[in-house]
Amino acid sequence: MNSAFFDFMRIRFLTMLAYRVNYYSGILIYTLNIGVYYFTWQAIYGSSGELGGFTAAQMTTYVAVSWMARAFYFNNLDREIAADIRDGSIAIQFIRPINYVMVKMMQGLGEGIFRFLLLMIPGMLIAILLFPVELPTAPSAWIGFLVMLFFSFLINSQINVITGLAAFFVENNEGMMRMKRVVVDLFSGLIIPISLYPGWMSAVMKVLPFQAITYLPGSVFTGRVEGTGIWSVLGIQVFWFVILLVPMMLIWRQARKRLFVQGG
Amino acid sequence: MYYIGLIWEYLKNYMKTRLTYRADFWVEILSDLLFQATNLIFIFVVFRHTDNLGGWSESEVLFVYGYFMVPYGIFSCFINLWGFSERYIVKGEMDRILTRPAHNLFQILLENVDPPALVGSFIGLVIMGISGAEMGLMLEWWHIPALIILALSSVLIYAGIYITLTSLSFYSDAPTGILPLMYNIQGYGRYPVTIYNRAIQVLLTWVIPFAFVGIYPAALFLERSEMHRMAMLTPVVGLVFGSIGLLLWNYGVKKYRGAGS
């Protein structure tokens, strides 16, 4: 069984490899994104030394590492699942002896590993060359960040799976998927670090799972959270990972009863 | 006349499809608005920490954003090429399009019209009105024709860039292309380009001229004389990029051989 899951991961990795041209252009565009945010933040900082607990140098690092983390955790599992539901091929998945959600997660992981090796690492190297990114020196920051990055992937993929499975209930969930994308980019702290929002907004964002995707790992990498603090932010991620398993499994179980193939 | 009739038929079809998925229709409008709200939130949050962005005040930046929303809404309504290569090339629907008499690009655009996107354009006008009033800008007679010409030119620039990128799928076999990635940088033309370094300024002005869909044309209404010359260039850039897009597309279609089977 486990080797079957491993194969799904491996096959996805190899599929991605066939289309790697996309990722070369991805490196370019992500670097450009970092550049544009870098200059925008430079202009915002102007002469002030610190905003929302971030120094200008930390902000540069935060922007770079957040976009590069996104390069790793981003995937289109929601679209893939919705497409399977819409064209009815999901029916085949019900009679297979392997859990479909697990298959999707493993495929996502295969894609994630591909993105890590061919998009995130080369992209980060280029970002370091171009912008004054300050890499952490403490080994705990590196280990903490890498572990948290893995949880970013898990939580983001769980949210994707939930959004994708929603297609069982609303038939066409294109709008929902778009909305999810916007919410994740905004509430995860990718566009603006959560500590810069007005008090009430950051309070809301701190009780939502999205901050676990970008803001928390970014805080560890920039050294705003260090030492034993890393354990508590990791704890928040693990908490959300476990909590999100519940709706994911419930929706999947409900979905099996509701299968409604449109056409085909 | 023939083409106008086609537009009408396609719109009727569109309404029929949309009414099948009514709930999603509203969610989609809502998510479009939320996407715009994200950018507004960015502006509001940023101006809590600074009082100008490269010498531009909050009202000015909001006004520029309002302008940006107008062409962007029109563009998203009529030029929706997301998933082109997957749907038309990989799945072979391009063959169906090519057997018909109307121009192929025209048909594809019509099949994908998205009228709810126009809501964004209206909101953009409202934002321009509110932030303009805050700055005490007076509405003058030439503002309205200028806005129409500039907004249409901006749409043409957008169209040119996206059609160029989409037509790459005739030449290469990448399934997703770089469209989703462009999506992230398209908005940067709406911030004062002068805050960026030279390379990015050149890029946003001449290579992927997103600055012409936001800051340059908006500067004309804001009486920012340093950018007036660029604002006047908007229609020219629009025609140039629009033509490049169409030429590459037509050439690509000629090279198109079908996806086998």
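Each remark here, short or long, concerns the structure printed above.
The structure displayed is predicted, hence computed values, not measured ones.

**Focus: the overall build of chain A**
Helix and strand counts for chain A come out as twelve helices and two strands. When the helices and strands of chain A are placed in sequence order, the string is α-α-β-β-α-α-α-α-α-α-α-α-α-α. In terms of overall size, chain A behaves like a compact globule, its C-alpha atoms giving a radius of gyration of 19 Å where 264 residues would be expected to give roughly 18 Å. Principal-axis analysis of the C-alpha atoms places the extent of chain A at approximately 60 × 40 × 35 Å.

**Digging into the overall build of chain B**
On a plain count of helices and strands, chain B comes out with twelve helices and zero strands. Seen in sequence order, chain B has helices and strands lined up from the N terminus as α-α-α-α-α-α-α-α-α-α-α-α. Taking 2.2 N^0.38 as the reference for a compact globule, 261 residues should give roughly 18 Å; the C-alpha atoms of chain B span a radius of gyration of 19 Å, in line with that estimate. Overall, the C-alpha framework of chain B stretches about 60 × 40 × 35 Å when taken along its three principal axes. Relative to its full complement of 261 residues, chain B shows a buried share of 54%. For chain B, the share of sequence-separated contacts (at least 6 apart) that also reach a separation of at least 24 residues comes to 77%. Carbon and sulfur atoms make up 69% of the accessible area of chain B, which totals about 12200 Å². Averaging the positions of the 16 positive and the 17 negative side-chain charges in chain B gives two centres separated by 9 Å.

**What about the environment of V27 of chain B?**
Note on placement: V27 of chain B falls in helix α2 (residues 22-49). Taking the C-alpha atoms as reference, V27 of chain B lies 34 Å from P145 of chain B; in sequence the two are 118 residues apart. Sequence-distant contacts of V27 of chain B, defined by excluding residues within four places in its chain, comprise G175, M176 and M179 of chain A.

**Topic: the packing of helix α8 (residues 143-171) of chain B against helix α12 (residues 228-255) of chain B**
Residues and elements named next belong to chain B. Their axes nearest at 7 Å, the elements α8 and α12 cross at an angle of 25 degrees. The angle between α8 and α12 places the two elements in the roughly parallel class. α12 is crossed by α8, and the crossing has left-handed handedness. A per-class count over the contact of α8 with α12 returns 18 nonpolar, eleven polar and one charged.

**So, the interface of chain B and chain A**
Listed per partner, the contact involves 38 residues of chain B and 38 residues of chain A. Between chain B and chain A lies a buried interface of about 3400 Å² when both sides are counted; carbon and sulfur atoms form 72% of it. Where chain B packs against chain A, one counts one salt bridge. We note a salt bridge from R178 of chain A to D114 of chain B, for which the minimum N-O separation is 4.0 Å.

**Concerning a nonpolar patch on the surface**
All names here are of chain B. A contiguous nonpolar patch, built from L168, Y171, V236, V240, I244, L248 and Y251 and spanning about 580 Å² of accessible area, is present on the exposed surface. For the nonpolar patch, the leading source of residues is α12, giving five residues. The exposure class assigned to V240 is partly exposed, which follows from its relative accessible area of 41%.

**Observations concerning the packing of aromatic side chains**
The final tally for this structure, using the stated rule, is 44 aromatic pairs over all chains. With a centroid separation of 5.4 Å and an interplanar angle of 75 degrees, the aromatic rings of F239 of chain A and W240 of chain A are classed as edge-to-face. Overall, the relative accessible area of 47% leaves F239 of chain A in the partly exposed class. In this structure W240 of chain A comes out as buried when scored by relative accessible area, which is 15%. When the centroid spacing of 5.7 Å and the interplanar angle of 50 degrees are considered together, the rings of Y158 of chain B and F210 of chain B count as tilted. One end of the pair, Y158 of chain B, is in helix α8; the other, F210 of chain B, is in the loop between α10 (198-207) and α11 (215-221), and 52 residues separate them in sequence. Judged by relative accessible area, which is 0%, F210 of chain B ranks as buried. Of the aromatic side chains, those joined through ring pairs into one cluster are F35, Y65, F68, Y72, F75, Y158, Y162 and F210 of chain B. It is R224 of chain A that lies over the ring of F54 of chain A; its NZ or CZ is 4.1 Å from the centre.

**Observations regarding helix α6 (residues 100-130) of chain A**
All names here are of chain A. Taking 1.5 Å per residue as the helical rise, α6 with its 31 residues ought to reach 45 Å, and the 42 Å between its terminal C-alpha atoms agrees with that figure. Along α6, the sharpest kink reaches roughly 40 degrees, centred on F116. Two or three places before V101, at the start of α6, stands the capping residue N99, its side-chain oxygen 2.7 Å from that residue's backbone nitrogen.

**Quick notes on empty space enclosed by the protein**
Gaps between atoms show up when a probe of the same size as a water molecule is rolled over them. Residue and element names in this part refer to chain A. Tallied over the entire structure, the rule returns two cavities of 30 Å³ or more. Empty space within the largest cavity amounts to approximately 120 Å³. Lining the largest cavity are 14 residues; nearest its centre among them are F74, N75, N160, K180 and R181. Contributions of two or more residues to the lining of the largest cavity are made by α3 (56-73), α4 (77-86), α7 (139-165) and α9 (174-187). Looking at the lining of the largest cavity element by element, the count peaks at five residues for α9. For the lining of the largest cavity, the class distribution of residues is four nonpolar, four polar and six charged.

**What to know about the pattern of salt bridges**
Residue and element names in this part refer to chain B. Inspection of every chain in the model, using the stated rule, returns 15 salt bridges over all chains. Salt-bridge contacts for E111 lead to R96; the nearest nitrogen and oxygen are separated by 2.9 Å. One end of the pair, E111, is in helix α6 (residues 104-111); the other, R96, is in helix α5 (residues 93-98), with 15 residues separating them in the sequence. The residue E226 makes a salt bridge to R224 at a minimum N-O spacing of 3.2 Å.

About the thresholds
- Residues numbered from 1 in each chain as written.
- Chains lettered and ligands numbered in written order.
- Predicted model: local features only at pLDDT ≥ 70, side-chain atom pairs only at ≥ 80, totals over all residues.
- Heavy atoms only, no water.
- Helix = DSSP H or I, 4+ residues; strand = E, 2+ residues; numbered from the N terminus.
- Rg over C-alpha atoms; globule rule 2.2 N^0.38 Å.
- Buried < 20%, exposed > 50% of the residue type's maximum accessible area, 1.4 Å probe, protein only.
- Contact = heavy atoms within 4.5 Å.
- Areas by Shrake-Rupley, 256 points an atom, 1.4 Å probe, with all protein chains shown as cover.
- Lys, Arg positive; Asp, Glu negative; His and termini not counted.
- Charge placed at Lys NZ, Arg CZ, Asp CG, Glu CD.
- Axes fitted to C-alpha atoms, helices over the stretch in contact; angles between N-to-C directions.
- Parallel < 35°, antiparallel > 145°, perpendicular 65-115°, else oblique.
- Left-handed = near helix turned anticlockwise from the far one by under 90°.
- Nonpolar A, V, L, I, M, F, W, Y, C, P; charged D, E, K, R; others polar.
- Buried area = accessible area lost by both parts, 1.4 Å probe.
- Salt bridge = Lys/Arg side-chain N within 4 Å of Asp/Glu carboxyl O.
- Patch = residues over 30% accessible without salt bridge, like charges linked within 9 Å, V, L, I, M, F, W, Y side chains within 5 Å.
- Phe/Tyr/Trp six-rings, centres within 6.5 Å; stacked < 30°, edge-to-face > 60°.
- Lys NZ or Arg CZ within 6 Å of the ring centre and 35° of its normal.
- Expected span 1.5 Å × (residues − 1).
- Bend = angle between axes of the 7 residues up to and from the residue.
- Polar contact = N/O pair within 3.5 Å; in protein donor to acceptor, adjacent residues only side chain to side chain.
- 1 Å grid on protein atoms, 1.4 Å probe; cavity = no way out; pocket = protein on both sides within 12 Å on 5 of 7 lines; lining within 4 Å.
- Points joined across faces, edges and corners; volume = space filled by probe spheres on them.

Remember, this is a structural readout, not a statement about activity or role.
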